[in-house]
Amino acid sequence: MAHAPAGGHLEVPNVQALAQTWNGSGEQVPDRYVRTVEASAEEVVAGHALPIVDLGRLLDPTSSKEELANLGSACQQGFFQLINHGVPDEVIRDVKRDMAEFFKLPLEAKNAHAKLPDGLEGYGQVFVFSDTQKLDWSDMLYLMLRPVESRDMRVWPVQPPSFQSSVDGFSLAVAEVVSCLLRFMAVDMGVQPERLLEMFGGQPQTMKVTYYPPCRHAGDVIGLSPHTDACAVTVLLHVNDVQGLQIRRDDGKWLAVEPLDGALIVSVGDIIEILSNGKYRSVEHRAVVRPDKERIAAAMFHQPLRSIMVEPLPELVEKDDGGARYKSVGYAEFMRHFFSAKLDGRKSHLDHFKIH
């Protein structure tokens, strides 16, 4: 049985190319993609509306206090839709256009930016560690965005020609939004406004654009396996306005999220749950595919400095009668465990760090 080298990922077939030939055939779904039990056995609740947070109201002194309570409640639920976020319409329009255009390119052109075997950045798939592992029905483009000097321009698309500038504009605008949110989150947690931003110096930011081809047996596959995000904050953009995000409720049912036109979807990551000592929640989520429509979504992940300790903020632990609810761990070790949890097929690695 083949296994990926340490730090590496095995190469697997391109799903977009596979779907283009397979959807027109009479064949069954290739076995490595069949996830029928996972995809269909658990109940899905349709048309779920996430909490709505208004960044304009947060920034307005006359409504900030009221909206701060709303933000805190939304972060305790783990996901919310952000409106009046200030990202210009043309910035969103341009980046949506260029992301969609990239996935229309011939496979050979996309593969010119293929992920290197021992890395994460580039076009292809990640988290494939063995030749018996079940696969997601999707392809992705993963890029380091910030700090700018961390970018590997070899894997950045050169087609369409405006791709780099449109992604750069969106990256900067989203980073500014997240800076605002982190300040308000800190205040709601009960710490100094700059406390979280101190841990995110330079605001490390990565982007994963995922392409989910249609699948005529959509109920047999999963676009993106259930997981939580091992970051601080994720900002999700629905590139082509096709729904597919589902979040898991406490009772185990999946909620199908209905994106709000013009909103950004924001989710709390594992690191913020730990820093908040469990006040905020990182919620398990997945993506499903459609039988007749492609879906494209871009997730912007915001990480802390590599030098931090991932642990509950001491000033919050002092106020909590129950003490620290999570172990302290270095960021590098935290991320190593995240990748090994993927290898084990676990849906979340947070429980490993909980103090029961």
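What you are looking at is a predicted structure, and each value in this text was computed from that prediction instead of being measured.

Conventions we followed
- Residues numbered from 1 in each chain as written.
- Predicted model: local features only at pLDDT ≥ 70, side-chain atom pairs only at ≥ 80, totals over all residues.
- Heavy atoms only, no water.
- Helix = DSSP H or I, 4+ residues; strand = E, 2+ residues; numbered from the N terminus.
- Rg over C-alpha atoms; globule rule 2.2 N^0.38 Å.
- Buried < 20%, exposed > 50% of the residue type's maximum accessible area, 1.4 Å probe, protein only.
- Contact = heavy atoms within 4.5 Å.
- Pairing = 2+ DSSP bridges.
- Axes fitted to C-alpha atoms, helices over the stretch in contact; angles between N-to-C directions.
- UniProt positions renumbered as here; feature names shortened; annotations may be inferred.

Before we go on, may I ask you to explain the overall build of the chain in this structure?
Looking only at helices and strands, the chain features 11 helices and 15 strands. Radius of gyration (C-alpha) of the chain: 20 Å, near the 21 Å computed for a compact globule of 356 residues. Across the 356 residues in the chain, those meeting the buried criterion constitute 54%. Sequence-distant contacts, at least 24 apart, represent 78% of the contacts inside the chain between residues at least 6 apart.

Looking at this structure, how should I read the sheet that holds strand 4 (residues 122-124)?
The strand order across the open sheet built from 8 strands is 2-3-11-8-13-6-5-4, with neighbouring strands paired in mixed fashion. This sheet does not close on itself; its edge strands, each paired only once, are strand 2 (52-54) and strand 4. The mean inter-strand angle of the sheet, taken between neighbouring strand axes irrespective of direction, is 25°. Pairing analysis gives 3 bridges linking strand 2 to strand 3 (residues 79-83), with the strands arranged parallel. In the strand pairing of strand 3, Asp 54 is matched with Ile 83. Together, strand 2, strand 3 and strand 11 (264-268) form the strand contacts of helix 4 (residues 64-77), whose direction differs from that of strand 2 by roughly 145°.

Mind showing me how you'd approach the UniProt feature "domain: Fe2OG dioxygenase" (unreviewed entry) in the chain here?
If you check UniProt for "domain: Fe2OG dioxygenase" (unreviewed entry), the listed places come out as residues 203-304 in our numbering. Within residues 203-304, the helical portion is 6% and the strand portion 41%, while the C-alpha atoms at the span's ends are 7 Å from each other.

I keep staring at the sheet that holds strand 7 (residues 224-227) and nothing clicks. Help me out?
As a general point, the strands of a sheet are linked pairwise by backbone hydrogen bonds and lie either parallel or antiparallel. Spatial ordering of the open sheet is given by 1-10-9-12-7, a layout of 5 strands whose pairing is mixed. Both outer strands of the open sheet, strand 1 (44-48) and strand 7, are each paired with one neighbouring strand and no more. If you compare each strand with its neighbour and ignore which way they point, the axes differ by 25° on average. Inspection of the sheet shows strand 9 (residues 245-248) paired to strand 12 (residues 285-287) by 3 bridges, in the antiparallel sense. The partner of Gln 246 across the bridge, within strand 12, is Arg 286.

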